[in-house]
Amino acid sequence: MTKERTIQGRGIDHIRLTSHAIEMPFNAPKINWFATQPSERGPVIGTISDKQQRNCIGSHGGSYTIYRALSIASGKYPANHKPDLHNTQPTDLIKPQPSWFEPGKIISLDPWGAHIVDAFGDYLEKGYNIQPSIAVTQAYLKLPEIYDAISKGRLHIDGKFINAAGDLKVTKVAIDPVWHLPSIAARIGLDEGSLRKILFRETGGMFPELVTRSDLKVLLPPIGSTTAYIFGDVSDLSNPDIELTCRVHDECNGSDVFGSDICTCRPYLTHGIEEAVRTAQKGGVGLVVYYRKEGRALGEVTKFLVYNARKRQLGGDSAATYFARTECVAGVQDARFQELMPDVLHYFGIRKIHNLHSMSNMKYDAITKSGIEVVNRLSIPDYLIPDDAQVEIEAKKAAGYFTRDTIRTGDALERIKGRDLDL
Ligand SMILES: [Zn+2]
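As the structure is a computational prediction, the values presented were derived from the model and not from experiment.

This brings us to the sheet that holds strand β10 (residues 373-378). Read across the sheet, seven strands follow the order β2-β3-β6-β8-β7-β9-β10 without closing on themselves; strand pairing throughout is mixed. Of all strands in the sheet, those bounded by a partner on one side alone are β2 (134-141) and β10. Along the sheet, successive strands turn relative to each other by an average axial angle of 25°, direction set aside. Where strand β7 (residues 244-250) and strand β8 (residues 285-291) come together, seven bridges link them in parallel fashion. Residue pairing across strands places Val 248 opposite Val 289, the latter belonging to β8.

Here is the structure:
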């Protein structure tokens, strides 16, 4: 035995494909995805350390699966670690909702993901290694835009939702992706077998069980998670009589975190937060959901390539050619599949959104098609749009994104120009 093999999980000299029953037996606990009782539904077990218990494809942690593997490879991470879940339970109870059990309603997250200790305690006692895919905690947000809104009198300190320092009290819910493959296929309008083959092929053959183990219906995809920020009482989200203000926001690291001015993402995000808090102060509840779908789910490298293509094209960056440049580089204008987005809303039992802060028709259509009523749609106020982001916003309005403003076309659209690269 080499030195490496004495370190847990390192120096593996051979592997058996997980399609072999000896690696993933056929007698692990069954998952009946839409069952009403946890005992009947069964836990999702994707742990690697206890292979005999596994009943799904992939492993926990979304995109961090790969970092975990690297950490194990470096010898720093004990491969057989079993989480101690003592005191990790949610700070706010998210009660089971009828939507959890409605066939086809929630298919890209595990609604029992935060309830491991209470719902599957009997399995834990028997030694099953079940990991939560949802965690709920509380925090305060310190945001310069909110301090500004307070100083300008748009928001007021109430000691409840906004403390004396101007910080926002929030409940945060982190949600890892858990996919029920037959339902995902149905929502896309594809047969399950074809979906499994495409997922296998397009990831370079990452999970052989997609094609060899059709009995395993749940996939833990190695993609980004989702975070929900709730301002007010979590249980009010499911009450259609209580005013709900909501922003569903797709990640834009450059703007959201670094304040890059080529798009409206951070201003729209902080505006959504401001409106969510205002609604909470009026006795309603606010929700901002943050989806890790960078660059319209095409990624940041593609996004930056598109920026350059936009700014170097003949005539410079223009609202008239905004979407065409993305399509040239990426093959599509947008790779976000918004039909999975409302799952988070249904997890909270939302049936009615009084104020939806989004201009996207794809998001609006996905939300309403999933059975949630939307009363008001609200676009970003003009004063929040950076100069260089006029190209994006005017192009989106011209393409049919929601607005109450005048829509520019033809020459007027062409005249909306972005900054040159070297300025
Ligand atoms: Zn952006």
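From this point, the discussion proceeds with the structure in view.
Counting residues in hydrophobic clusters, the biggest one holds 41 residues, and the most contacted among them are Val 173, Leu 287, Leu 345, Tyr 347, Phe 348 and Ile 353. For this core, the element with the most residues is β8, which contributes four residues. Residues in contact with Ile 353, not counting those within four places in the same chain, are Leu 244, Cys 246, Leu 345, Ile 367, Ile 372, Glu 373, Val 374, Val 375 and Asn 376.

Once that is clear, we can look at the packing of helix α5 (residues 144-151) against helix α10 (residues 265-281). Running from N to C, α5 and α10 point in directions that differ by 55°, and their axes come no closer than 10 Å. Judged by the inter-axis angle, α5 sits oblique to α10. Between α5 and α10 the crossing geometry is right-handed. Here Pro 144, Glu 145, Ile 146 and Ala 149 of α5 come into contact with α10, specifically with Arg 266, Thr 270, Ile 273 and Glu 274. The class makeup of the residues in the contact of α5 with α10 is four nonpolar, one polar and three charged.

Inspection of every chain in the model, using the stated rule, returns nine aromatic pairs. With a centroid separation of 6.4 Å and 65° between ring planes, the pair formed by Trp 100 and Phe 101 is classed as edge-to-face. An angle of 35° between the planes, with centres 6.3 Å apart, marks the rings of Phe 101 and Trp 112 as tilted. A residue pair is termed long-range when its members are at least 10 positions apart, and Phe 101 in the loop between α2 (65-73) and α3 (116-119) and Trp 112 in the loop between α2 and α3 qualify at 11 residues.

With mixed pairing, the three strands of this open sheet are ordered in space as β1-β5-β4. Two strands lie at the open edges of the sheet, namely β1 (57-58) and β4 (179-180), each paired on one side alone. The sheet contact formed by β1 and strand β5 (residues 218-220) spans two bridges and is parallel. When the bridges of β5 are listed, Gly 58 appears paired with Leu 220.

About the cut-offs
Residues numbered from 1 in each chain as written. Predicted model: local features only at pLDDT ≥ 70, side-chain atom pairs only at ≥ 80, totals over all residues. Heavy atoms only, no water. Pairing = 2+ DSSP bridges. Helix = DSSP H or I, 4+ residues; strand = E, 2+ residues; numbered from the N terminus. Axes fitted to C-alpha atoms, helices over the stretch in contact; angles between N-to-C directions. Core = buried A, V, L, I, M, F, W, Y, C linked by side-chain atoms within 4.5 Å. Buried < 20%, exposed > 50% of the residue type's maximum accessible area, 1.4 Å probe, protein only. Contact = heavy atoms within 4.5 Å. Parallel < 35°, antiparallel > 145°, perpendicular 65-115°, else oblique. Left-handed = near helix turned anticlockwise from the far one by under 90°. Nonpolar A, V, L, I, M, F, W, Y, C, P; charged D, E, K, R; others polar. Phe/Tyr/Trp six-rings, centres within 6.5 Å; stacked < 30°, edge-to-face > 60°.

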